[in-house]
Amino acid sequence: MSDELLTVPEVMARLKVGRTTVYDLIRTRRLPSLTIGSSRRVPADGLRAYLASRLEEAA
């Protein structure tokens, strides 16, 4: 289990998508996130789980 927390720009870079897409994934709860102060963070494990589910859907 990784305790790494990613910023929205880091998630954008890893997924190669825009800010709006990342926030849409967060808003629809497909991508877990938490707020620390005024910053949104995405757990690295949550991003991996999202990618695994997308790959499973595509198979």
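The structure presented is a predicted model; accordingly, all values stated were derived computationally and were not measured. (Residues numbered from 1 in each chain as written. Predicted model: local features only at pLDDT ≥ 70, side-chain atom pairs only at ≥ 80, totals over all residues. Heavy atoms only, no water.)

Caption draft 1: Structural detail: the overall build of the chain. Counting its regular elements, the chain contains 3 helices and 3 strands. The C-alpha atoms of the chain give 11 Å as radius of gyration, which agrees with the globular expectation for 59 residues (10 Å, within 12%). Dimensions of the chain along its principal axes, counting C-alpha atoms only, are 40 × 30 × 20 Å. Within the chain, the proportion of its 59 residues that are buried is 22%. Here the chain contributes 10 positive and 7 negative side-chain charges, whose respective centroids are spaced 7 Å apart. (Helix = DSSP H or I, 4+ residues; strand = E, 2+ residues; numbered from the N terminus. Rg over C-alpha atoms; globule rule 2.2 N^0.38 Å. Buried < 20%, exposed > 50% of the residue type's maximum accessible area, 1.4 Å probe, protein only. Lys, Arg positive; Asp, Glu negative; His and termini not counted. Charge placed at Lys NZ, Arg CZ, Asp CG, Glu CD.)

Caption draft 2: Inspection of the sheet that holds strand S3 (residues 39-43) at higher detail. Read from one edge of the open sheet, 3 strands run S1-S3-S2, paired in antiparallel fashion. Looking at strand neighbours, the two that pair on one side only are strand S1 (5-7) and strand S2 (34-36), the edges of this open sheet. Pairs of neighbouring strands in the sheet enclose a mean axial angle of 50°, with direction left out of account. Across 3 bridges, the pairing between S2 and S3 is antiparallel. Paired with Leu34 across the bridge in S3 is Arg41. Packing against the sheet, helix H3 (residues 44-58) makes contact with S1 and S3, and its axis sits at approximately 60° to S3. (Pairing = 2+ DSSP bridges. Axes fitted to C-alpha atoms, helices over the stretch in contact; angles between N-to-C directions. Contact = heavy atoms within 4.5 Å.)

Caption draft 3: Representation of unusual backbone geometry in the model. Positive phi values are uncommon outside glycine, yet Lys16 reaches one of about 55°. Of note, Lys16 is situated in the loop between helix H1 (8-15) and helix H2 (19-27). Judged by its relative accessible area of 72%, Lys16 falls in the exposed class. Phi at Arg29 is positive, roughly 65°, even though this residue is not glycine. Mapped onto the secondary structure, Arg29 falls in the loop between H2 and S2.

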